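Spelled out, the chains give:
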Amino acid sequence: MTLSRVNENGLVLLGCGKMGSAMLQGWLAQGLNANSVTVIDPHPSQWVQGLVQQGLHLNEPLPTTPAICIIAVKPQMMGDALPALRALGNGTTVFLSIAAGTSIGAFADALGDQSPIIRAMPNTPAAVGQGITALIGNAHINDADMQMGEALLSAVGQTVRLASEDQMDAVTAVSGSGPAYVFHLIETLAAAGVAQGLPKDMALQLAKATVAGAGALAQAADEDPTQLRINVTSPNGTTAAALEVLMNETDGFPALLNRAVTAAADRSRELGKE
Ligand SMILES: NC(=O)c1ccc[n+]([C@@H]2O[C@H](COP(=O)([O-])OP(=O)(O)OC[C@H]3O[C@@H](n4cnc5c(N)ncnc54)[C@H](OP(=O)(O)O)[C@@H]3O)[C@@H](O)[C@H]2O)c1
């Protein structure tokens, strides 16, 4: 990937918690120079503090015109955090926010209405290079800016471009929050295995490997997930017995997941108004 503009002009990372760290780890592995990075975070982790030895700038004054400034603080912290970035607004520095809910319009209000701004929604599998990020830019983002944002995000997984910012609430509810649903599936599948008499460690190993393997197969196979499900299901067999419960129209997976995703999308819309 092309990181030359970022290496030459610098990257500012505001907020280096779970998502900020996951992405920074991926970028450094892909050739971003630590001495091109300025991290602003009031309580940096041991890992980030360790990167100072490699030249990373931690809580130092901002460079004058960094190529890109990544905003990775909680939506509720924006009011406190954004004033520190105002000097970079209305110029060539691209702002890239990964915050749930906060709109491009809110960033333009805080940073300057001529600022190039990308809004993105990654997810935590970025920590192992298997994330997926949806992104969209405002009218001040040119092709080169978008390619730079996309190059950074594709260092930690797949990327998709959105046609409209409205889609971001649904993306947040499906892939942003989605890893938590899958981790809960692992937890509950393992617990159900324990209830059927398996030792806890073995049940967790079986559940993790099943979810990881099914995910890998869903990505690699030519068949769609419906066909892959059918491939597991012998007529009148064990899977059919389980799917009769899970695919129940009133209280099965479809109704349950639809309610969960709707709640997440609604919360994303609310965060945009807070
Ligand atoms: N986690 C996810 O799965 C995920 C996925 C997609 C998008 N996001 C978005 O990513 C953003 C960060 O989420 P996260 O889960 O990484 O949260 P997090 O772990 O809490 O990270 C946020 C970091 O920002 C720091 N911070 C607080 N105030 C700051 C300020 N004024 N200036 C600079 N840094 C400040 C926090 O420090 P303290 O801890 O000391 O307050 C923390 O280290 C959120 O907007 C969230 O919507 C998260």
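Residues numbered from 1 in each chain as written. Predicted model: local features only at pLDDT ≥ 70, side-chain atom pairs only at ≥ 80, totals over all residues. Heavy atoms only, no water.

Details of the pairing of strand β6 (residues 117–121)
So, point 1. Of all five residues making up β6, five are buried, and the element is well covered by its neighbours.
So, point 2. Burial along β6 is two-sided: I117, R119 and M121 and I118 and A120, pointing in opposite directions, are all buried.
So, point 3. As paired strands, strand β5 (residues 94–97) and β6 are joined by three bridges and run parallel to one another. Looking across to β6, one finds that S97 is bridged to R119.
So, point 4. Viewed along the sheet, the connection from β5 through helix α5 (residues 104–111) into β6 turns out right-handed.
So, point 5. Here four bridges tie β6 to strand β7 (residues 131–137), and the two strands are oriented antiparallel to one another. By the bridge assignment for β7, R119 is matched with I136. (Buried < 20%, exposed > 50% of the residue type's maximum accessible area, 1.4 Å probe, protein only. Helix = DSSP H or I, 4+ residues; strand = E, 2+ residues; numbered from the N terminus. Pairing = 2+ DSSP bridges. Right-handed = clockwise from strand over helix to strand, strands pointing away.)

Looking at the site of the ligand
So, point 1. What surrounds the ligand is a group of 22 residues, the closest being K18, M19, D41, H43 and V73.
So, point 2. Taking D41, its side chain carries an N or O atom lying 2.7 Å from an oxygen atom of the ligand.
So, point 3. In this structure, K74 approaches the ligand through a side-chain N or O atom, which is 3.4 Å from an oxygen atom.
So, point 4. Considered on its own, the ligand offers 880 Å² of accessible surface; in the complex 78% of this is hidden by protein.
So, point 5. Comparing atom positions with the cavity grids shows the ligand to sit within the second largest pocket. (Near = heavy atom within 4 Å. Polar contact = N/O pair within 3.5 Å; in protein donor to acceptor, adjacent residues only side chain to side chain. Areas by Shrake-Rupley, 256 points an atom, 1.4 Å probe, with all protein chains shown as cover. 1 Å grid on protein atoms, 1.4 Å probe; cavity = no way out; pocket = protein on both sides within 12 Å on 5 of 7 lines; lining within 4 Å. Sits in = over half its atoms within 2 Å of the grid points.)

Digging into the UniProt feature "binding site: NADP(+)" (unreviewed entry) in the chain
So, point 1. Look at the UniProt record and you will see "binding site: NADP(+)" (unreviewed entry) annotated at L14, G15, C16, G17, K18, M19, A72, V73, K74 and P75. In three dimensions, the annotated residues from a span of 62 residues occupy one location, with a maximal C-alpha spread of 14.2 Å. Lining residues of the second largest pocket drawn from the annotated set just named are L14, G15, C16, G17, K18, M19, A72, V73, K74 and P75.
So, point 2. Of note, V73 is situated in the loop between β4 (68–71) and α4 (78–81).
So, point 3. Apart from the residues lying within four places of it in its own chain, the contact partners of V73 are L14, G15, M78, A81 and A99. (UniProt positions renumbered as here; feature names shortened; annotations may be inferred. Contact = heavy atoms within 4.5 Å.)

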